[in-house]
Amino acid sequence: MQQPDDIALTNEGLPPQGRGRVLLIACGALAREILALKALNGWDHIDLTCLPAILHNHPEKIPAAARAAIEKNRADYDRLFLVYADCGTGGALQTLCAETGIDMIPGPHCYSYFEGNAAFAAHADEEITAFYLTDFLTRQFDAFVWQPLGLDRHPDLREMYFGNYTKLVYLAQTDDPGLSARAETCADRLGLAYERRFTGYGDLATELARLS
């Protein structure tokens, strides 16, 4: 299976893939995981389109982009499903789903449903000073963290942004030694302790299986 390009997923998203009955409207940061689950489970009835992942740096723009995708694709599918958690929108995506009559994945953010919402909530208070990365964010660390915060130009700002964090937790969807090494390097660059936690696909797999 050919993997979609991370740079395109970050800046452009992904047009609808396939000719199924159900369309997933997802964040570009989840494209590889969703496509892997589709292939693993033979979910040929499910198609995928993605909004640009970089919208996560501007969560106020996500609801309008999601609404546009719903309106554009609704007539072509029996069912639409929004593969976003709240993602910093302050409940706006849940409101959108209520208005448009579609469902969405539960949880505050992708870190939570990759680990499992119940498991994440159980230790959330203990990890309030943790900074999380996923496979995608590890690959795109510079584009999502280092450059937007200006640390490539002003590394002295690191303490201002990350001084209150104590560790970087890499929530790994895959067993990839190369990615694990990159995540540990990210922790070093931020001056944080490093922890790797294998999650697999977590609640993402559970929720998408309900559509089969």
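Look up a bit, the structure's there.
Residues numbered from 1 in each chain as written. Predicted model: local features only at pLDDT ≥ 70, side-chain atom pairs only at ≥ 80, totals over all residues. Heavy atoms only, no water.

(A) Focus on the pattern of salt bridges. Enumeration according to the criterion identifies 13 salt bridges in this entry. A salt bridge links arginine 197 to glutamate 115; the shortest N-O distance between them is 3.2 Å. Of this pair, arginine 197 sits in strand β8 (residues 193-198) while glutamate 115 is found in helix α5 (residues 110-115), placing the two residues 82 residues apart along the sequence. An identical accessibility class is assigned to arginine 197 and glutamate 115; each is buried. Across the pair arginine 153 and aspartate 152 runs a salt bridge whose closest N-O atoms are separated by 3.3 Å. Classification of aspartate 152 as partly exposed rests on a relative accessible area of 41%. Among the charged side chains, a salt-bridge network with shared partners connects Glu115, Glu127, Lys167, Glu195 and Arg197. (Salt bridge = Lys/Arg side-chain N within 4 Å of Asp/Glu carboxyl O. Helix = DSSP H or I, 4+ residues; strand = E, 2+ residues; numbered from the N terminus. Buried < 20%, exposed > 50% of the residue type's maximum accessible area, 1.4 Å probe, protein only.)

(B) Representation of the sheet that holds strand β6 (residues 130-133) within the structure. The sheet built from three strands is open, its strands ordered β6-β7-β8 with parallel pairing. The sheet is open, and its two borders are formed by β6 and β8, each paired with just one other strand. Mean inter-strand twist for the sheet, computed between neighbouring axes without regard to direction, equals 25°. (Pairing = 2+ DSSP bridges. Axes fitted to C-alpha atoms, helices over the stretch in contact; angles between N-to-C directions.)

(C) Here's a closer look at the packing of aromatic side chains. Inspection of every chain in the model, using the stated rule, returns eight aromatic pairs. Plain terms: the ring middles of phenylalanine 120 and tyrosine 132 are 5.3 Å apart, the flat faces sit at 50° to each other, and that makes the pair tilted. Taken together, the residues phenylalanine 120 in helix α6 (residues 117-123) and tyrosine 132 in strand β6 connect sequence positions twelve residues apart. Here phenylalanine 120 falls in the buried class, since its relative accessible area comes to 9%. Taken together, a centroid distance of 5.6 Å and an interplanar angle of 85° make the contact between phenylalanine 131 and tyrosine 165 edge-to-face. With phenylalanine 131 in strand β6 and tyrosine 165 in the loop between α9 (158-162) and β7 (167-172), this pair connects stretches of sequence that are 34 residues apart. Note on phenylalanine 131: relative accessible area 16%, which makes it buried. Its relative accessible area of 29% is what places tyrosine 165 among the partly exposed residues. Connected via pairs of aromatic rings, a cluster forms that spans Tyr111, Phe120 and Tyr132. If you follow arginine 189 out to its NZ or CZ, it ends over the ring of tryptophan 146, 4.4 Å from the centre. (Phe/Tyr/Trp six-rings, centres within 6.5 Å; stacked < 30°, edge-to-face > 60°. Lys NZ or Arg CZ within 6 Å of the ring centre and 35° of its normal.)

On their own, these measurements won't tell you what the molecule is for.
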